Structures are given as C-alpha cells and as structure tokens.
Amino acid sequence: MPEKLTENNPWQTALTQLDTVSGLMMLPEDIHHVLRNFDRILSVSIPVHMDNGSLGVFHGFRVQHNASRGPYKGGVRYHPGLTLDDLKALAMEMTWKCSLVGVPFGGAKGGIICDPKKLSKGELERLTRRYTCAIMPIIGIEKDIPAPDVNTNEQIMAWIMDSYSFNNGYYTPGIVTGKPLNIGGSLGRKDATGLGVANIVENTVESMEMDLKGLAVVIQGYGNVGSAVGKFLSERGCRIIAVSSSRGGIYNPKGLDHASIMKYYQEKGSFEHFSEAENITNASLLELPCDVLIPAALGNQITKENAGRIKAKVVVEGANGPTTPEADHLLNERKIPVVPDILANAGGVVVSYFEWVQDVQCFFWPEKEINTRLKNLLDRAYEEVFRLSEEKGYNLRTAAMVLAVKKVADAISVRGVYP
Ligand code: GLU
C-alpha cells in the first residue's frame, strides 16, 4: 500500500538526511541511488488464536536496507501506529549507526502493528512465535539478527530464539540479541543503550566545557532507555529535573530521585501526582529550561512547531528520529547542538554485537570488559564526529552521517556489483 509522504514522515526525513550528505560528500550518483533503496522488504500476515476463541490477523514486516558491511541487524518494534515508512527509516538508520560506530553489520528493522498492552501474555507469545516463523526465511546468524526495540523485551527475544531454534533443529542463540542471560544473553546488554547515551552526554558536556556535577537533565520517556540514562547520569552527579512516560511527566527543578520515581512508577503505572514534583505534559517537558534535553521515547517529538521554544543547551537523541529536519535546521540556527541518534543511542547495537560475538564463540565476557569496550567504541566514534564537525563546520548530525555513509559507500564500491 503506497503511503503518503507528509512533512514529518520518517522515511522522508531519512531520505532528506541521506540526500543532504550525499551532495556534500559528492557521493557518486550510482552509489547514492543504491543507498536510497532497500535490499529486501518482507510483509507478512500473522494469524493468532486469541484468548476469546477468535482468530486475530496481525500485520508484520522485516525491512533489510543494506548488508555491504555485514549481516543485517536491527530491532523489532511492536506498536499500534507502526507504518512501513517508520521501518524503512529505522532500517536505513541502522545501516548508518553500525557503520558509524564500526560494528560489522548492515541495517534492518522489523515490527508488528499491534498494541502489546492490549494482548495477554499468551497472545503476545503466539504472535511473536508466528512472526518469527514468517520472517524465518530471511533471518539467520549470518543473515539478519533481530533485537529489542520499542515495546519488545528479553522475553520476546527468548521466544524468537526458541521458535527459530526449534525450526532450525538446534539451539541457536546467535539468531537474536537482547536475550535473557541464561540463554546466551550478554551482561550489560539490558542497560547498554542507556549507558551509551550517558557516555555520550559525558563526552558532549566535556566538549561544551560544562560540568557534569549538577547538570540539569530532562528525559522524555523513562522506559528501557530513558530510565537507564537517568540511573547512570544520577550516579555521575547530574540532576534529573523532569521525566515522563506516554501518560505525561513530572518536573522538579531541584532534581528527582531516580530510585523513588522508579518505585512510584512501578506501583502506579504512571508518574502523575508524584509528591515532590509538578505534573507536566510531554509537550511542555520538551520546552523546560535545562542543560541537556534527552528525547528517549518515539520519533518526531522536536518539530518546527516547538523547536523555537526549546531551551536546552544541547539535545542528545536517545530515541531514533526524535528531531525532524525542519527542527534540526531551526536548532542549528539557534546554536543548540543536536547529538544525533546514530551516535547517541548506538550503545544498544554495540553490545548486541558483543552478544552475537559471544554466542558465536560460546565464550562469555565479564561485564567490566563489555562496558570498557563499549566506552572505547563510543569515545572513538564521538571523537571522530566532533573532529569532523569542527574541521568542516558541519553540525554533529551531518558529520556523523558523512562518516557513516562513507564507510558503506566504500564497501559497496570495493565489492562491486554482482554479476
Ligand atoms: N533497537 C536498537 C536500536 O535501534 C538496538 C538494535 C540492535 O541491537 O540490533 O539501535
């Protein structure tokens, strides 16, 4: 079904970003053309026996963008508003993310249009297992390795691994990353995206000559990624002054205690009416005065409507695609740097890579080693992006994209086109 491209269409955003840097880099037209397209898009329908006896039919996808640098890699997202264009944008972003941080994978993304909050555990399991079988012909340890993303978790990865292993005839942990520890998961993977974001905040704060101690941080989305960022930044002396869930947020300029708000959220399922804070909407949270704003929820949150009112000194993208190109432009004009998603949230796929390596070797590393290797990879990537942006006067997104696209383009060009 053709989808209408609207202003905030994520696929349009991804193409605009690629086209912009292709022009700047003077990328050969044929390679630019290859990169604007996909290796494969699989669309599947997923029949599921529902608890009430009816047969539900869901729709799912696996989108494979480019595998010039290695097997396809990317998460699986469950969301009622998911579109194929979201997945195309996210798959392409995975190609750039893996390239930028130097992990030997290409880009993919998958997902199912569903609201997991409305499904029972049994329904979710049957949906996941049938989806795995539907995409089985195109995934594999050396072909395409799924992982968690929005609304998917360790349990869902365990079902994917089990369904694949059952059909494959043997235990195959390397088929998916982000699994539970006792079936080939990696230490450090659960919090890796958040730890990576915290490391990148540290690098950014250092380059901007700000102080980590007392740094006022606003985090939109306090889920898997956001809450881990909050935990690590609190430990490093920052002040988390506002957080939110999809139902709204809370604000206290003196700082919120990570453990207390987590406990409150676990009990109440929302941050609303937390006693030591003011209730705020997700929209007003983005406009709070602060040092660092971390959108860590869904895409398209900072748009041309609100970019003029952002008061943060820097934006660090914990989510994928939270800033539209128009907003990027406005923030650039206002001299508010944006640390792009492909750098800021790459910690997840970096530790996914470590998990895959450990699974393939059946040899597991201690957490300290994982976190040190993660920090080294991200420090190097940050340094390269920052240096190029200073040298050429590019903003950080452009610098990151130039570095990432170049490595993929070089791989395509040296491999050549078969036959
Ligand atoms: N879903 C995460 C991302 O967008 C992780 C992907 C992975 O580990 O493969 O980067």
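Before any of the text, the structure's been laid out above.
These notes cover the structure that comes with them. Computed from a prediction, not measured in an experiment: that's the story for all the values here.

Our focus in this paragraph is the site of the ligand. Neighbouring the ligand are 14 residues, the closest being Lys 73, Lys 97, Pro 148, Asp 149 and Ser 352. In this structure, an oxygen atom belonging to the ligand sits 2.5 Å away from a side-chain N or O atom of Ser 352. Elements represented by at least two residues in the shell around the ligand include exactly strand 3 (72-79), helix 3 (84-101), strand 5 (144-148) and helix 12 (347-361). Broken down by class, the residue content of the shell around the ligand amounts to four nonpolar, five polar and five charged.

On to the sheet that holds strand 1 (residues 40-49). One open sheet holds the five strands; their spatial order is 1-2-4-3-5, and the pairing between them is mixed. If you trace the sheet from one side to the other, it starts and ends with strand 1 and strand 5, each paired once. Between one strand axis and the next, the sheet turns through 25 degrees on average, direction left out of account. Examined bridge by bridge, strand 1 and strand 2 (residues 55-66) share ten bridges and lie antiparallel to one another. Opposite His 49, over in strand 2, you have Leu 55 as the bridge partner. Packed on one face of the sheet, helix 4 (residues 121-135) meets strand 1, strand 2, strand 3 and strand 4 (106-113) and runs near 145 degrees to strand 1.

Two elements in contact, helix 6 (residues 192-207) and helix 7 (residues 224-235), have axes separated by 7 Å at closest approach and are oriented at 50 degrees. By the angle between their directions, the pair helix 6 and helix 7 is classed as oblique. Of the two possible hands of crossing, helix 6 and helix 7 adopt the one that is right-handed. Across the interface between the two elements, Thr 193, Gly 194, Leu 195, Val 197, Ala 198 and Val 201 from helix 6 touch Val 225, Ala 228, Val 229, Phe 232 and Leu 233 from helix 7. Of the residues assigned to the contact of helix 6 with helix 7, the class counts are nine nonpolar, two polar and no charged.

Turning next to the nonpolar core. Grouped together as the largest cluster of nonpolar side chains are 90 residues, with contacts concentrated most on Trp 96, Ile 294 and Val 316. Sort the elements by how many residues they give to this core and helix 3 lands first, with eleven residues. In this structure, Val 316 is in contact with Val 197, Ile 200, Val 201, Val 292, Leu 293, Ile 294, Pro 295, Val 339 and Ala 344, ignoring residues within four places of it in sequence. By size, the runner-up hydrophobic cluster in this structure holds 24 residues, among which are Phe 58, Ile 156, Trp 159 and Ile 175.

Here we take up the sheet that holds strand 8 (residues 248-251). Taking strand neighbours across the sheet as the criterion, the seven strands line up as 9-8-7-6-10-11-12 in an open arrangement whose pairing is mixed. The sheet is open, and its two borders are formed by strand 9 (278-280) and strand 12 (338-339), each paired with just one other strand. The pairing of strand 6 (residues 216-220) with strand 7 (residues 239-245) spans four bridges and is classified as parallel. Across the sheet, residue Ile 219 finds its bridge partner in strand 7, namely Val 243.

Rules of the game
Residues numbered from 1 in each chain as written. Predicted model: local features only at pLDDT ≥ 70, side-chain atom pairs only at ≥ 80, totals over all residues. Heavy atoms only, no water. Near = heavy atom within 4 Å. Polar contact = N/O pair within 3.5 Å; in protein donor to acceptor, adjacent residues only side chain to side chain. Helix = DSSP H or I, 4+ residues; strand = E, 2+ residues; numbered from the N terminus. Nonpolar A, V, L, I, M, F, W, Y, C, P; charged D, E, K, R; others polar. Pairing = 2+ DSSP bridges. Axes fitted to C-alpha atoms, helices over the stretch in contact; angles between N-to-C directions. Contact = heavy atoms within 4.5 Å. Parallel < 35°, antiparallel > 145°, perpendicular 65-115°, else oblique. Left-handed = near helix turned anticlockwise from the far one by under 90°. Core = buried A, V, L, I, M, F, W, Y, C linked by side-chain atoms within 4.5 Å. Buried < 20%, exposed > 50% of the residue type's maximum accessible area, 1.4 Å probe, protein only.

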